[in-house]
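If you want the building blocks of each chain, they are given just below.
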Amino acid sequence: MSDCLFCKISRGEIPSRKVYEDDEVYAFHDINPVAPVHFMLIPKLHLDSLAQAEQQHAALLGKMMTLAPRLALEQGLSNGFRTVINTGKGGGQEVFHLHIHIIGGGNIPPMVKRD
Ligand code: AMP
Ligand code: ZN
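Residues numbered from 1 in each chain as written. Chains lettered and ligands numbered in written order. Predicted model: local features only at pLDDT ≥ 70, side-chain atom pairs only at ≥ 80, totals over all residues. Heavy atoms only, no water.

Colleague: Would you take a moment to explain the site of ligand 1 for this structure?
Modeller: Of all residues adjacent to ligand 1, which total 16 residues, the nearest are Asp30, Glu94, Val95, His99 and His101. With respect to ligand 1, the side chain of aspartate 30 contributes an N or O atom lying 2.5 Å from an oxygen atom. Histidine 101 is positioned such that a nitrogen or oxygen atom in its side chain is 2.8 Å from an oxygen atom of ligand 1. Relative to its free-state accessible area of 500 Å², ligand 1 is covered by the protein chains to the extent of 84%. When residues of the shell around ligand 1 are traced back to their parent elements, those giving at least two are helix H1 (5-10) and strand S2 (25-29). Counting residues per element, the shell around ligand 1 draws most heavily on H1, which supplies 3 residues. Broken down by class, the residue content of the shell around ligand 1 amounts to 7 nonpolar, 7 polar and 2 charged. (Near = heavy atom within 4 Å. Polar contact = N/O pair within 3.5 Å; in protein donor to acceptor, adjacent residues only side chain to side chain. Areas by Shrake-Rupley, 256 points an atom, 1.4 Å probe, with all protein chains shown as cover. Helix = DSSP H or I, 4+ residues; strand = E, 2+ residues; numbered from the N terminus. Nonpolar A, V, L, I, M, F, W, Y, C, P; charged D, E, K, R; others polar.)

Below, the structure written as structure tokens:
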């Protein structure tokens, strides 16, 4: 998926503010943050969304879940943070390359607004 925005970002073809990189994952600040700290952690492997994740991706996804709190701490979120994965149109996903939002600092509102 060479024309995918986040693939291009992870390859350095589109600029981003890098948080972390290794051979399998890339993390970068969101261009339109919803909180003082808002970055995304993505696999370099293109998966459209979590709906495409299969058993063969379990180690990679597990690595991302354990990396998230470490990166959050490095970004100053010692008091906690929110992780969000939007999946598919019904989940509000806008960029179709699997990503974990890591959000914190300031006032984090309730996750879902109840009437
Ligand atoms: P989602 O709605 O879960 O697909 O989230 C996509 C996120 O990508 C949004 O929070 C956007 O602000 C963010 N975004 C879109 N383009 C860029 C970009 N070029 N660099 C950094 N973040 C981006
Ligand atoms: Zn991609």
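Next comes the rest of the account.
Colleague: In this structure, what is going on with the coordination of the zinc ion (ligand 2)? I would like to understand it.
Modeller: Around a metal, the ideal angle is 109.5 degrees if four donors adopt a tetrahedral arrangement and 90 or 180 degrees if six donors adopt an octahedral arrangement. The protein atoms that coordinate the zinc ion (ligand 2) are Cys4 (SG), Cys7 (SG), His46 (ND1) and His97 (ND1), at distances of 2.0 to 2.3 Å. Around the zinc ion (ligand 2) sit 4 donor atoms; with metal-centred angles ranging over 106 to 118 degrees, the donor geometry is tetrahedral. Read from N- to C-terminus, the donor residues coordinating the zinc ion (ligand 2) fall into the pattern C-x2-C-x38-H-x50-H. Placement of the pair is cysteine 4 in the segment before H1 and histidine 97 in the loop between strand S4 (82-84) and strand S5 (100-104), with a sequence separation of 93 residues. Among the residues examined, histidine 97 registers a relative accessible area of 0% and is labelled buried. (Donors = N, O, S within 2.8 Å, 3.2 Å for Na, K, Ca; no water. Tetrahedral: all angles 85-135°; square planar, octahedral: opposite > 155°, others 65-115°. Buried < 20%, exposed > 50% of the residue type's maximum accessible area, 1.4 Å probe, protein only.)

Colleague: How should I be thinking about the pairing of S5 in this particular structure?
Modeller: Each regular strand carries side chains that alternate between the two faces of the sheet. Counting buried residues in S5 gives 5 out of 5 residues, a clear majority hidden from the surface. The side-chain alternation of S5 yields two buried faces, one formed by Ile100, Ile102 and Gly104 and the other by His101 and Ile103. In this structure, strand S3 (residues 37-43) lies alongside S5, joined through 5 bridges in antiparallel fashion. The partner of leucine 41 across the bridge, within S5, is isoleucine 100. Pairing of S4 with S5, which is carried by 3 bridges, proceeds in the antiparallel orientation. Note that in S5 the partner of valine 84 across the bridge is histidine 101. (Pairing = 2+ DSSP bridges.)

Colleague: It is not clear to me how the pattern of salt bridges should be interpreted in this structure. Could you clarify?
Modeller: A side chain with one charge may pair with a side chain of the opposite charge, provided their charged atoms come close. According to the stated counting rule, one finds 6 salt bridges in the structure shown. Across the salt bridge formed by glutamate 13 and arginine 11, the nearest N and O atoms sit 2.7 Å from each other. Taking the shortest distance from any N to any O, the salt bridge between glutamate 21 and lysine 44 comes out at 2.7 Å. On the criterion of sequence distance, the pair formed by glutamate 21 in strand S1 (residues 18-21) and lysine 44 in the loop between S3 and helix H2 (58-74) is long-range, its members being 23 residues apart. The structure contains a network of salt bridges with shared partners spanning Lys18, Glu21 and Lys44. (Salt bridge = Lys/Arg side-chain N within 4 Å of Asp/Glu carboxyl O.)

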